[in-house]
Amino acid sequence: MTVLEDGDWRRLASEPYDAFDWQLLLLVAGLPGLSLLTTGALARRRAGALRRAPVPALRVLEHVDSRGVTWVHAADDTSRRTPLFSCPTVAAPPPDDGPAAETAHDDQRPALDRRLHEAVLLGAPYDGGELVVVTTDRDGRPVVTHTVRPVRAHRSGGWSSWRSTAAEGFKLTP
């Protein structure tokens with residue numbers, strides 16, 4: 001029998017290569033990494049869809065609840081009976097004037113209007129999509145908000161009520 005030696009390390013030359021440690025490491029690190037990479041690529045693709053081509057614009061009614069979640073209703077649903085979907089949104093920063101401007105604008109975040117009011121929805125509303133909502137703050141100044149996470153349809157309303165009650169409001173923006 002041939003024995004291979006290197007300092008304290010010894011093994012038989014006929015002993016097969018044991019790759020279990022490397023395979024386990026790849027499994028433990030590779031699967032979550034692949035999942036994060038896929039999720040990031042999908043999020044980038046959804047967000048890029050708002051910039052690539054003209055997107056539909058739809059008049060809707062929206063309100064923000066106490067948790068900061070935006071609820072979107074059809075333009076004729078003034079009683080808030082059937083929400084189409086809800087999504088957490090955040091106000092887009094104003095145009096960039098440099099690093100000093102960012103700190104100045106942090107204190108001036110718009111106070112979103114919590115009452116039911118009109119807004120314009122930009123983007124195709126589908127499950128998992130990204131949207132931009134143009135609305136106003138309490139003082140009536142325009143505010144642009146965008147979704148933080150992908151949109152999820154509301155269980156009782158869903159996309160079927162979206163099509164039946166609000167489809168006539170779709171138009172392509174130039």
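Remember, it's a predicted structure, so these values are computed and weren't measured experimentally. (Residues numbered from 1 in each chain as written. Predicted model: local features only at pLDDT ≥ 70, side-chain atom pairs only at ≥ 80, totals over all residues. Heavy atoms only, no water.)

**Observations regarding helix H1 (residues 20-52)**
Here H1 is 33 residues long and its end C-alpha atoms lie 46 Å apart, about the 48 Å a rise of 1.5 Å per residue gives. Residue Gly30 marks the point of greatest curvature in H1, where the axis turns by about 30°; the proline Pro32 follows within four residues. (Helix = DSSP H or I, 4+ residues; strand = E, 2+ residues; numbered from the N terminus. Expected span 1.5 Å × (residues − 1). Bend = angle between axes of the 7 residues up to and from the residue.)

**Quick look at the side chain of Glu130**
With respect to the helices and strands, the residue Glu130 is situated in the loop between strand E6 (117-122) and strand E7 (132-136). Looking at Glu130, its side chain comes within polar contact range of the side chain of Thr147, at 2.8 Å. (Polar contact = N/O pair within 3.5 Å; in protein donor to acceptor, adjacent residues only side chain to side chain.)

**As for the pattern of salt bridges**
Evaluated as defined, the whole model comprises 4 salt bridges. Residue Asp137 pairs with Arg141 through a salt bridge whose shortest N-O separation is 3.1 Å. Here Arg141 falls in the partly exposed class, since its relative accessible area comes to 49%. Three or more residues joined by partner-sharing salt bridges are found here, namely Asp137, Asp139 and Arg141. (Salt bridge = Lys/Arg side-chain N within 4 Å of Asp/Glu carboxyl O. Buried < 20%, exposed > 50% of the residue type's maximum accessible area, 1.4 Å probe, protein only.)

**As for the environment of Thr89**
Inspection of the secondary structure assignment puts Thr89 in strand E5 (residues 83-91). Judged by its relative accessible area of 14%, Thr89 falls in the buried class. Apart from residues no more than four positions distant in its own chain, Thr89 is found in contact with Gly68, Thr70, Thr145, His146, Thr147 and Val148. Among the polar contacts listed, one links the side chain of Thr89 to the side chain of Thr70, at a separation of 2.8 Å. (Contact = heavy atoms within 4.5 Å.)

**Focus on the nonpolar core**
Within the largest apolar cluster, 12 residues are counted, these being Leu58, Val60, Val72, Ala74, Leu84, Phe85, Cys87, Ala119, Leu121, Leu131, Val133 and Val151. Going through the elements one at a time, strand E3 (56-64), strand E4 (69-74), E5 and E6 are the ones with two or more residues in this core. The dominant element in this core, judged by the number of residues it contributes, is E5, at 3 residues. Residues contacting Val133, with those up to four places away along its chain left out, are Glu62, Ala119, Val120, Leu121, Val143, Val144 and Thr145. (Core = buried A, V, L, I, M, F, W, Y, C linked by side-chain atoms within 4.5 Å.)

**Structural notes on the environment of Val144**
Within the fold, Val144 resides in strand E8 (residues 142-147). C-alpha of Val144 to C-alpha of Val132: the two residues are 12 residues apart in sequence and 7.0 Å apart in space. Here Val144 is in contact with Val90, Ala91, Ala92, Val132, Val133 and Val134, once residues within four sequence places are set aside.

**What to know about unusual backbone geometry**
Despite not being glycine, Arg80 shows a phi value in the positive range, around 60°. Topologically, Arg80 is positioned in the loop between E4 and E5. Given a relative accessible area of 42%, Arg80 falls into the partly exposed group.

**Considering the confidence of the model for the protein chain**
As a note on interpretation, predicted positions should not be read in detail where pLDDT is low. Averaged over all residues, the pLDDT of the protein chain is 77; the fraction at 70 or higher stands at 78%. Mean pLDDT in the protein chain bottoms out at strand E10 (residues 171-172), which sits at 38, and peaks at E6, which reaches 90. Low pLDDT, under 50, characterises residues 157-174; the stretch is placed with 41 contacts to residues that sit more than four places away or in other chains. (pLDDT = per-residue confidence, 0-100.)

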